[in-house]
Amino acid sequence: MIRRIAVLLVCVLVVSGCGGGAHTFVVKAVAAGVPSLAPFFDEKQGLGHDTQVRSLPVRGTLQQGDTPGLYGGTRQPTICDVAKLKRFLTDPANHQKAVAWSSVLGITTDQIPGYLDRLTPVLLRHDTLVQNHDYRKGKATPYNSLLQAGIAILVDEQGEPAAKCSCGNPLRPFKGDAGRISVKFADGNKKWHGYEPSSVVAVRPAPQNVEQLALVDIGDPDVGITRPVGTTGRHDSTFDTRRQHAVPNLMGSTFGEARRQLVSSGLAVGYGGSAAPSDDARVTASDPPAGTELRFGQYVTLTVSGGTSGGASGATSTSPAPTTSGPTVGPPTSSAPPSTSPTAPPTTSSPPASPPSSPPPSSPKSEPPSSSSPPSSSPTTSSPSVVSSAPVTSTPVTTSAAPVTSAPVTSSAPVTSSVPVTTEPATRDPVTGTPTTTET
């Protein structure tokens, strides 16, 4: 018996990683179009509709909710019926579900209608880690899950996932180490074509509320969609995602400052490793260098040194293989210098309008039914700054400019006709999720 106990203890120590102390987080795969086994909302009622999209590559697992190229959309406002979800959760017959649903999001049942009014439907362009919640025995049951690209979700005013459209299940941020996950494909959620662990992303809230999201049309990635926060698509306007944006000079700035400049220029932030550098780390290099022209949403990979607060505290983050490309869908068209992945040539269409350089007052709406964004009557020198990107073959769209707002810009990127925006901060209370040790 003593020998058996000793052997068992040795096995436990080995499995738990006594030497390394690293946990593996078990994550349940959730494929597009596959119904939940324990949903809050009956999925047969058509609350939301997923689509088939291949997950796009990322350069840095943790991305903030205003990252250009993060989310997609469609010009048909049918991917998520927010009004139907509101009726369901405010029906006295569903009070117990409403209590469980609101408790996950840190609000009361009386606050549900106003909270839903501030959410925006989008489509995932990356396989995305979240803390999901089933409804079991009258309570919300949390579990880590990986949502497949193409799933329709609602995001809050900081671009963070809040609910899965098809079933209404509330979503919170993934709490584990995105670089140490073990994905379980079960319950009809078979491993999807194109799944790559390196393409998995976890979303963190944008530094401040955004007034509108710049989405990429899932059916035509050369088309961007500007969608005011809290709307479902009826007030969308479009812009050309192929318009070129110059990489700003980031040498010597902090990672936080560099990120704000890139986002305000309509470019995504790339870095090496699964942990983002700290905001006070100093940028020592960018790939591609300053002055390079890239299309909206492409990645600029930063190399930094030092840093003490947040992120990879005090660590040096170096880029992996040089890359300048953002997410892409479909066949490539051309390359932006010196990009290593497909880009499209610049066009002469109306450039997206500039983002705001400071937080809050509300912005005027552009031509009906356009977004509540900075004026789109004339092109500006800046670029959209929230979520979009993706080169593909298509006909450029030159309808209205694509204003997008995001994190405040505190340094170099020039901004001309932006208008400050105002929105209430989204309420969120973190939901604790205990990392699970897996044997796989």
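Residues numbered from 1 in each chain as written. Predicted model: local features only at pLDDT ≥ 70, side-chain atom pairs only at ≥ 80, totals over all residues. Heavy atoms only, no water.

**Q** Is there a simple way to explain the packing of aromatic side chains in this structure?
**A** Geometry of an aromatic ring pair is reported as the spacing of the ring centres plus the angle between the planes. Evaluation of the coordinates by the stated rule reveals 9 aromatic pairs. Ring geometry for Phe 185 versus Trp 192: centroids 5.4 Å apart, planes at 75°, classification edge-to-face. Phe 185 sits in the partly exposed class, given a relative accessible area of 25%. Judged by centre distance (6.0 Å) and plane angle (85°), the ring pair of Trp 192 and Tyr 195 falls under edge-to-face. For the pair Trp 192 and Tyr 195, one class covers both residues: buried. Clustering of aromatic rings is evident, with ring pairs tying together Phe 185, Trp 192 and Tyr 195. Residue placement shows Lys 28 over the ring face of Tyr 143; its charged tip is 5.3 Å from the ring centre. (Phe/Tyr/Trp six-rings, centres within 6.5 Å; stacked < 30°, edge-to-face > 60°. Buried < 20%, exposed > 50% of the residue type's maximum accessible area, 1.4 Å probe, protein only. Lys NZ or Arg CZ within 6 Å of the ring centre and 35° of its normal.)

**Q** Sorry, what's going on with the sheet that holds strand E7 (residues 152-155) here?
**A** Each strand in a sheet pairs with another by means of backbone hydrogen bonds, the pair being arranged parallel or else antiparallel. Spatially, E8-E7-E4-E3-E12-E13-E14 is the arrangement adopted by the 7 strands of the open sheet, whose pairing is mixed. The open sheet is flanked by strand E8 (161-164) and strand E14 (237-240), the only strands paired with a single partner. Each strand axis lies, on average, 50° off the axis of its neighbour in the sheet, ignoring direction. Taken together, the 4 bridges between strand E13 (residues 223-228) and E14 define a ladder with antiparallel strand orientation. If you follow Val 223 over to E14, its bridge partner there is Asp 240. (Pairing = 2+ DSSP bridges. Helix = DSSP H or I, 4+ residues; strand = E, 2+ residues; numbered from the N terminus. Axes fitted to C-alpha atoms, helices over the stretch in contact; angles between N-to-C directions.)

**Q** Would you take a moment to explain the confidence of the model for the chain for this structure?
**A** Low-pLDDT portions of the prediction should not be read for the details of their coordinates. Mean pLDDT over the chain works out to 75, with 65% of the residues at or above the 70 mark. The least confident element of the chain, judged by mean pLDDT, is strand E20 (residues 334-335) at 36; the most confident is E8 at 98. Throughout residues 12-20 the model reports pLDDT below 50, and contacts reaching past four residues in sequence, or to other chains, amount to 3 contacts. Low confidence marks residues 310-440, where pLDDT is under 50. Its contacts with residues over four positions away, or in another chain, come to 444 contacts. (pLDDT = per-residue confidence, 0-100. Contact = heavy atoms within 4.5 Å.)

**Q** Looking at this model, I keep getting lost on the nonpolar core. Mind explaining?
**A** For soluble globular proteins, the rule of thumb is that nonpolar side chains tend to be buried together. One finds Leu 85, Leu 89, Trp 101, Ile 112, Tyr 115, Leu 116 and Leu 154 to be the most contacted residues of the largest nonpolar core, which totals 27 residues. Listing elements by their share of this core, those giving two or more residues are helix H2 (82-90), helix H3 (95-105), helix H4 (112-117), E7 and E8. When residues no more than four places from it in sequence are discounted, the contact partners of Leu 154 are Cys 80, Val 82, Leu 85, Leu 119, Thr 120, Pro 121, Glu 160, Pro 161, Ala 162, Ala 163 and Cys 165. (Core = buried A, V, L, I, M, F, W, Y, C linked by side-chain atoms within 4.5 Å.)

**Q** Looking at this model, I keep getting lost on the state of the cysteines. Mind explaining?
**A** Where two cysteines share a covalent bond between their sulfur atoms, that bond is called a disulfide. A complete count under the given rule lists 1 disulfide for this structure. Sulfur-sulfur distance for the disulfide between Cys 80 and Cys 165 comes to 2.4 Å. Between Cys 80 and Cys 165, the disulfide has an S-S torsion of -105° and is therefore left-handed. Separated by 85 residues along the polypeptide, Cys 80 in the loop between strand E3 (71-73) and H2 and Cys 165 in the loop between E8 and strand E9 (172-173) bring together distant segments of the chain. Residue classification places Cys 165 among the buried residues on the basis of a relative accessible area of 1%. (Disulfide = S-S within 2.5 Å.)

**Q** Explanation requested: empty space enclosed by the protein in the structure shown.
**A** The rolling of a water-molecule-sized probe over the atoms marks out the regions of remaining empty space. All chains considered together, the criterion is met by 3 cavities of 30 Å³ or more. The volume enclosed by the largest cavity comes to roughly 100 Å³. Lining the largest cavity are 14 residues, and of these Val 30, Pro 35, Ser 36, Leu 37 and Asn 189 lie nearest its centre. For the lining of the largest cavity, the secondary-structure elements that each account for two or more residues are strand E1 (25-30) and strand E5 (128-136). Across the lining of the largest cavity, the residue classes break down as 6 nonpolar, 4 polar and 4 charged. Here the second largest cavity defines a volume of roughly 40 Å³. By residue number, the principal contributor to the lining of the second largest cavity is strand E11 (residues 201-204), which donates 3 residues. For the lining of the second largest cavity, the residue count by class is 7 nonpolar, no polar and 3 charged. (1 Å grid on protein atoms, 1.4 Å probe; cavity = no way out; pocket = protein on both sides within 12 Å on 5 of 7 lines; lining within 4 Å. Points joined across faces, edges and corners; volume = space filled by probe spheres on them. Nonpolar A, V, L, I, M, F, W, Y, C, P; charged D, E, K, R; others polar.)

**Q** Is there a simple way to explain the sheet that holds strand E16 (residues 268-270) in this structure?
**A** With mixed pairing, 3 strands are arranged side by side in an open sheet as E16-E19-E17. Two strands bound the open sheet, and with one partner strand each, they are E16 and strand E17 (282-287). Strand-to-strand, the axes of this sheet are offset by a mean angle of 40°, without reference to chain direction. Relative to strand E19 (residues 299-305), E16 runs parallel, the two sharing 3 bridges. Each bridged residue has a counterpart across the sheet, and for Val 269 the counterpart in E19 is Val 300. Each of E16, E17 and E19 is contacted by helix H5 (residues 255-264), which is oriented at about 170° to E19, the strand it contacts most.

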